[in-house]
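Structural features, examined
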Amino acid sequence: MSTWRLLLSLISRHPLLFTANGIFSVVLTSLPLAVGLITREFFNALEPDAQARFDVSTIVILYVVVQFIVSFVRNGGQSFESYLRELIAARMQRNAFEGLIDSPPSRSRPSMGETINRLRDDVAEILGPLFSIPAMTGQVISFGIALFVLVRIDPWMTVVAFAPALAAILITRAFGGLIRSSQRAQRESSGALTSFLGEVLSVIQAVRLAGTQDHTLNRFDRLSDVRRVASLKNGIVLRLVTGVNKGSIAITTGVILIAASQMMRAGTFTVGDFSLFVAYVAGGTVSSFPETFASLLSSVRRSAVSFGRLLPLTPTGDGRALFGGEPLHLRGGSHPPQRVPQTSTQPLERLEVRGLTCIYPNSMAGIKEVDLDLPRGTFTVVTGRIGSGKTTLLQALLGLVPIDRGEILWNGRVVEAPWEFLVPPRCAYTPQVPRLFSDTLRNNILLGLEQDETDVDGAIRLAVLEPDVATLENGLDTVVGPRGVKLSGGQAQRTAASRMFVRKPDLLLFDDLSSALDVETEHLLWQRVFEMQDVTSLVVSHRRSALRRADNIIVLREGEVDAEGKLDDLLRSSAEMQRIWAGELDSPDSASA
């Protein structure tokens, strides 16, 4: 779909608001016509031989009234445009963000920093032509009226006045390709720098411990230089276009001065006529037309680049998905979070995985042909050395990373979209490094659920978090800080576990949950998990307490199932299990788990 059709589709979503904004623009661009006519009458009234329609005092009153109206319309229009601009931007950002969350996993998905850059800068860029169109409409109307008035005074002088403006439009149009390429380079370099900053700030301690500050700063300098050059080139192109338009104004004014002086000597041109031409050409009615037109063309080309960067954030790649959706609830109130009702599917009886394969690009890391069979109520442990593919297995099962092949079956039925299906209350997941928000502990557990509909205390008990809550300054209402920095690693893990338990899912997925727990806390946590009836668990762990309790153990080695069975059997038959039991977890050829 073309950029123009996408823009018109967006306007059609808010016809009344854009119509009102267009009326403001038309009125604001038309009022200078009246100012020019009043100025002409004023100078004509000062000439003794000229015939003026009004006396000087009346003309002054009219001038003041019109200027007051211009000021009122300008302020009102700017306020209304700001409101409309923020409304559209918020809706597009909300829809793009929802699309990003709901879309299937993709290896081409932009990084966090790049995504933020697109949601902020590219959305703002798309809005440019939306508000240039009403201004252009008013300019066309004013341009036509000015042309009619000036032709009636002197056709030849009108041609002289309009010729540079037409030349400026043609020159601006010729810059179209250069505008697009410079804008794309500037956006991509800004996204790369933003992404790098986001990644570095999230692992600043690791950078210090590794002693790579100089390398990190050098990388930052290189990305900054690329962005600086791209921004400089983009700025030069835009200023060149603006300079062409402003130059046309100066040329036109000079030509009018020369031609008008000759005509005034011949008595065919009055001072009032001269002031009207100058007011319409240099004052904005004619001179701003090419500039506004050039700005519209330029902004449309830049918005085409921004549309191309935003479309990958939508599930269907259709730009119209950015414009619809639910109301924004700007005046308060909101829809409660949607919850999948437990009756929407049969409770889990058996989860099967057949031939699950996920290989990361440009490497051999990942998992290959993994089979799982999880009957209801069983406790299955996935173990293996570092880099064996344990975390990848859980992420592929949940649809968090793209899978190359394989099937996932829930009660014998194939799960087509695991990222949509394996969610609470069917399934819940606690990652190895949980993500907490700078909010209260309570809100980090509930994440939008209503407290009176959940058992927060029970979830906290299951996660063995109640002793820690008692020591916090404000209990559950304690703000945990960005990424939960006020909590220890074990407390953060158990907070994430509480978040999982409070949703009462059929299937629990733990990724090395007990890695930051002491022996007593870990023992108590698994004991309470086993108290839960009919709950199926898939656990990544190498801890002996989990391995002893497992109904079945899956041993991974280099992404493949090396052995499977009960602990005692594996310790007799599997050399890999023997190494893990002995604590040999490092792998010289390991990749990221």
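You'll find the structure just up there.
Note that this is a predicted model, so its numbers are computed, not measured.

The rules we used
- The residue numbering used here restarts from 1 in each chain and proceeds along that chain's sequence as written.
- Restriction of local features to residues with pLDDT of at least 70 applies here, the model being predicted, together with a cutoff of 80 or more for giving and counting side-chain atom pairs; totals for whole chains, interfaces and linings are based on all residues.
- Only hydrogens and water are set aside; all other atoms, that is, all heavy atoms of the structure, feed into the side-chain values.
- Runs of H or I in DSSP of at least four residues are treated as helices and runs of E of at least two as strands, each being numbered from the N terminus.
- Burial classification: accessible surface area is computed with a 1.4 Å probe over protein chains only, and a residue below 20% of its type maximum counts as buried, one above 50% as exposed, and the rest as partly exposed.
- Residue contacts are defined here by distance: any two heavy atoms, one from each residue, within 4.5 Å place the two residues in contact.
- Surface accessibility follows the Shrake-Rupley procedure with a 1.4 Å probe radius. Residue values consider only the protein chains on display as shielding.
- One requirement defines pairing of two strands: DSSP has to find at least two bridges between them.
- Note on geometry: axes are C-alpha line fits, over the in-contact stretch for helices, and angles between N-to-C directions span 0 to 180 degrees.
- Salt bridges, as used here, are contacts in which a Lys or Arg side-chain nitrogen is within 4 Å of a carboxyl oxygen on Asp or Glu.
- Each patch groups residues whose relative accessible area exceeds 30% and which form no salt bridge, using 9 Å between like charges and 5 Å between nonpolar side chains of Val, Leu, Ile, Met, Phe, Trp and Tyr.
- Here, nonpolar core means buried Ala, Val, Leu, Ile, Met, Phe, Trp, Tyr and Cys residues that are tied together by side-chain atoms lying within 4.5 Å of each other.
- By this rule the span expected of a helix is its residue count minus one, scaled by 1.5 Å.

Overview of the overall build of the chain
When helices and strands are counted, the chain shows 20 helices and ten strands. Looking at the chain residue by residue over its 593 residues, the buried ones come to 47%. Residue pairs in contact within the chain that sit at least 24 positions apart in sequence constitute 77% of those at least 6 positions apart. Total accessible area computed for the chain in this model is approximately 29,600 Å², and 57% of it derives from carbon and sulfur atoms.

Things to note about the sheet that holds strand β5 (residues 413-414)
Each strand in a sheet pairs with its neighbour through backbone hydrogen bonds, running either in the same direction (parallel) or in the opposite one (antiparallel). Read across the open sheet, the four strands follow the order β2-β1-β4-β5; overall the sheet is antiparallel. Each end of this open sheet is capped by a strand with a single partner; those strands are β2 (366-375) and β5. Relative to β2, strand β1 (residues 350-359) is paired through seven bridges, and the arrangement is antiparallel. Among the inter-strand pairings, Leu-356 is bridged to a residue of β2, identified as Val-370. Contacting β1, β2 and β4 (405-410), helix α11 (residues 390-398) runs over the sheet at an angle of about 115 degrees to β1.

A short note on the pattern of salt bridges
Evaluation of the coordinates by the stated rule reveals 16 salt bridges. With a shortest N-O distance of 3.1 Å, Arg-85 and Glu-81 are connected by a salt bridge. In this pair, Arg-85 and Glu-81 both sit in helix α3 (residues 56-102), four residues apart, roughly one turn of the helix. With relative accessibility at 27%, the residue Arg-85 sits in the partly exposed group. The network of salt bridges with shared partners includes Arg-385, Arg-557, Glu-576 and Arg-579.

Details of the sheet that holds strand β9 (residues 552-557)
Taken together, six strands build an open sheet; the order of strands is β6-β7-β8-β3-β9-β10 and the sheet is mixed. A strand with exactly one partner marks an edge of an open sheet, and here the two such strands are β6 (427-430) and β10 (560-565). Geometrically, the sheet is characterised by an average inter-axis angle of 15 degrees between neighbouring strands, direction not taken into account. For β9 and β10, the ladder comprises five bridges, and the chain directions are antiparallel. If you follow Val-555 over to β10, its bridge partner there is Ala-563.

Side note on a nonpolar patch on the surface
Residues Leu-46, Val-56, Val-60, Tyr-63 and Val-64 make up a contiguous nonpolar surface patch of about 410 Å² in total accessible area. By residue number, the principal contributor to the nonpolar patch is α3, which donates four residues. Along the chain, Leu-46 falls in helix α2 (residues 15-46).

Looking at the pairing of strand β3 (residues 379-384)
A large share of β3 lies buried, amounting to six of its six residues. Burial along β3 is two-sided: Phe-379, Val-381 and Thr-383 and Thr-380, Val-382 and Gly-384, pointing in opposite directions, are all buried. Judged from the four bridges that link them, β3 and strand β8 (residues 536-540) form a sheet pairing that is parallel. Counterpart to Thr-380 in the pairing with β8 is Leu-538. As judged from the five bridges shared by β3 and β9, these two strands associate in the parallel manner. In the strand pairing of β9, Val-381 is matched with Ile-553.

Comments concerning the side chain of Thr-430
Along the chain, Thr-430 falls in strand β6. Setting aside its immediate chain neighbours within four residues, Thr-430 contacts Gln-493, Ala-496, Ala-497, Met-500, Leu-509, Phe-510, Asp-511 and Leu-513.

Side note on the nonpolar core
Counting residues in each nonpolar core, the largest one holds 46 residues, and the members touching the most others are Leu-441, Phe-501, Phe-510, Trp-526, Ile-553 and Met-577. Once residues lying within four places of it in the same chain are set aside, the contact partners of Trp-526 are Phe-379, Phe-510, Ser-514, Val-539, Ser-545, Ala-546 and Arg-549.

Describing helix α16 (residues 489-501)
End to end, α16 covers 18 Å across 13 residues, agreeing with the expected 18 Å (1.5 Å per residue, within 8%). Within α16, twelve of the 13 residues are buried, leaving the element largely enclosed by the surrounding structure. Within α16, the full set of buried residues consists of Gly-490, Gln-491, Ala-492, Gln-493, Arg-494, Thr-495, Ala-496, Ala-497, Ser-498, Arg-499, Met-500 and Phe-501. Each element contacted by the buried residues of α16 is listed here: β6, α13 (441-446), α14 (456-462), α15 (466-471), β7 (507-511) and α17 (519-531).

Examining the environment of Thr-430
On the accessibility criterion, Thr-430 (0% relative accessible area) is buried. It is 8.7 Å that separates the C-alpha atoms of Thr-430 and Asp-512, two residues lying 82 residues apart in sequence.

Some points on the environment of Thr-158
By secondary structure assignment, the location of Thr-158 is in helix α5 (residues 155-174). A residue is classified by how much of its surface remains accessible, and Thr-158, at 3% relative accessible area, is buried. Taking C-alpha positions, Thr-158 is 8.4 Å from Phe-277, a pair spaced 119 residues apart along the chain.

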